[in-house]
Amino acid sequence: MSIKNHLNPHIQLNPNFNQIRNITTFLVIAFFAFQNVYGYFIGIGWFYAYLTSLSMFMLPTYINQFILIPRLLVKNKLSFYIAALFLVIIIGLLIYAPVVQYLYQKYGVVTEIFVNENAYSLPNVLYAIVIIGMITMGTTSIELFRRWMIYDRQITELEKTSMQSELQQLKNQINPHFLFNMLNNANILVKEDPDEASRLLTKLDDMLRYQLNDSARQEVFLSADIHFLTGFLELEKMRRDHFEYLISKEGDVNNVKIPPLLFIPFVENAIKHNPDSENLSYIYLYFRVEHDELTFTCENSKPLVPVKKETGGLGLSNVQRRLELLYGKDYSLRIEETETQYKVHLQLKL
């Protein structure tokens, strides 16, 4: 069950939450830094000691919050995270202790912080580690809880969007009109060219099988999706007289996995909006895998007479939303349109 059924996540998901969290964290650090030196120093020495104490608490806290959590803990590198956090705390103490020791000697401060005037004594070190540990663990818990809330919301939205997209895709792709055209072409070819009719039915069978079975998986190989698009465009070529297509592949497309049917909305859109029966129409697809990045380009011609836009289908906004939920900020989508050409550029970080 989703956590949103129990808690109100709006505070955690509010864009201003980071500012509120940072201010709260600073106030907590300032309080502990004040408690750490209050009553133990006199004159200007108290101010210097407070700044030193404040720096000692801030250093591990903010390094943990902005570096260690996103780069280690969130990526399931728990052992490295614990070791790095402990190292940062020790380094902070090694810097802090001699400075406070110097202030103690310079201003003649009598303080209970030191035992036998030794800043490196075991009680002093343990005391500092406990206090810093409490603050860092507090900020870690808040950050993990915030990320969990965002992740839970994304999963919920993705499940809902994926379900709606799947139903709409099945409705759009396996429709009687499409099947009627393909079967009617096969019926004609049976008399004129039985081999061609057999090839058409085989491609239709492979395409429908992929839509119903393979596309139900969370991820498929890019090569499988390209094979599906090839069959899809080949069927379109059999159905139309003045139509050509090209699929170009660069890089290692055989070992890359992507969500299924990721590119079909762009190809469907290209087919739907270039039905020129008198002039040559085309669709060119380009796939390039390089440096952990996949680049997809869909380029299609536009008829001389503009096509009336139809309602329904997945729509570009739904495609963009699906990309956002799947890839977050790790994608870019750019569309270029002229009077004779429509081009889509999509880049994905793998």
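In what follows, the accompanying structure is described. (Residues numbered from 1 in each chain as written. Predicted model: local features only at pLDDT ≥ 70, side-chain atom pairs only at ≥ 80, totals over all residues. Heavy atoms only, no water.)

1. A look at a nonpolar patch on the surface
Taken together, Leu59, Leu87, Ile91, Ile95 and Val99 make up a surface patch of nonpolar side chains, about 400 Å² in accessible area. Among the elements that take part in the nonpolar patch, helix H4 (residues 78-107) stands out by supplying four residues, more than any other. By secondary structure assignment, the location of isoleucine 95 is in helix H4. (Patch = residues over 30% accessible without salt bridge, like charges linked within 9 Å, V, L, I, M, F, W, Y side chains within 5 Å. Areas by Shrake-Rupley, 256 points an atom, 1.4 Å probe, with all protein chains shown as cover. Salt bridge = Lys/Arg side-chain N within 4 Å of Asp/Glu carboxyl O. Helix = DSSP H or I, 4+ residues; strand = E, 2+ residues; numbered from the N terminus.)

2. Observations concerning the side chain of threonine 136
Mapped onto the elements of the fold, threonine 136 is located in helix H5 (residues 122-173). Judged by its relative accessible area of 0%, threonine 136 falls in the buried class. In this view, threonine 136 contacts Pro60, Thr61, Asn64 and Leu85; residues no more than four positions away in its chain are not counted. (Buried < 20%, exposed > 50% of the residue type's maximum accessible area, 1.4 Å probe, protein only. Contact = heavy atoms within 4.5 Å.)

3. A closer look at the packing of helix H7 (residues 194-212) against helix H8 (residues 222-239)
Axis separation between H7 and H8 bottoms out at 10 Å; the angle between their running directions is 140°. When the interaxial angle is binned, H7 and H8 end up oblique. In this structure, H7 meets H8 at a crossing whose hand is left-handed. Of the residues in H8, those in contact with Glu196, Arg199, Leu200, Lys203, Leu204, Met207, Tyr210 and Gln211 of H7 are Ala224, Asp225, Phe228, Phe232, Glu234, Leu235 and Met238. Tallied by class, residues from the contact of H7 with H8 come to nine nonpolar, one polar and five charged. (Axes fitted to C-alpha atoms, helices over the stretch in contact; angles between N-to-C directions. Parallel < 35°, antiparallel > 145°, perpendicular 65-115°, else oblique. Left-handed = near helix turned anticlockwise from the far one by under 90°. Nonpolar A, V, L, I, M, F, W, Y, C, P; charged D, E, K, R; others polar.)

4. So, the pairing of strand S5 (residues 293-301)
Across the nine residues that make up S5, a large majority, eight, are buried. Sheet topology places strand S4 (residues 281-289) next to S5; seven bridges connect them, and they run antiparallel. When the bridges of S5 are listed, isoleucine 283 appears paired with asparagine 300. The antiparallel pairing of S4 with S5 creates a hairpin that spans three residues between the two strands, and histidine 291 there sits at a positive phi of about 55°. (Pairing = 2+ DSSP bridges.)

5. Describing the packing of H8 against helix H9 (residues 264-272)
Close contact between H8 and H9 brings their axes to 11 Å; oriented N to C, the two are set at 15°. Put simply, H8 runs roughly parallel to H9. In the packing of H8 onto H9, the handedness of the crossing is right-handed. Between H8, through Phe228, Leu229, Phe232, Leu233 and Glu236, and H9, the contact on the second element is made entirely by Ile264, Val267, Glu268 and Ile271. In terms of residue class, the contact of H8 with H9 is made up of seven nonpolar, no polar and two charged.

Read these as spatial facts, not as claims about activity.
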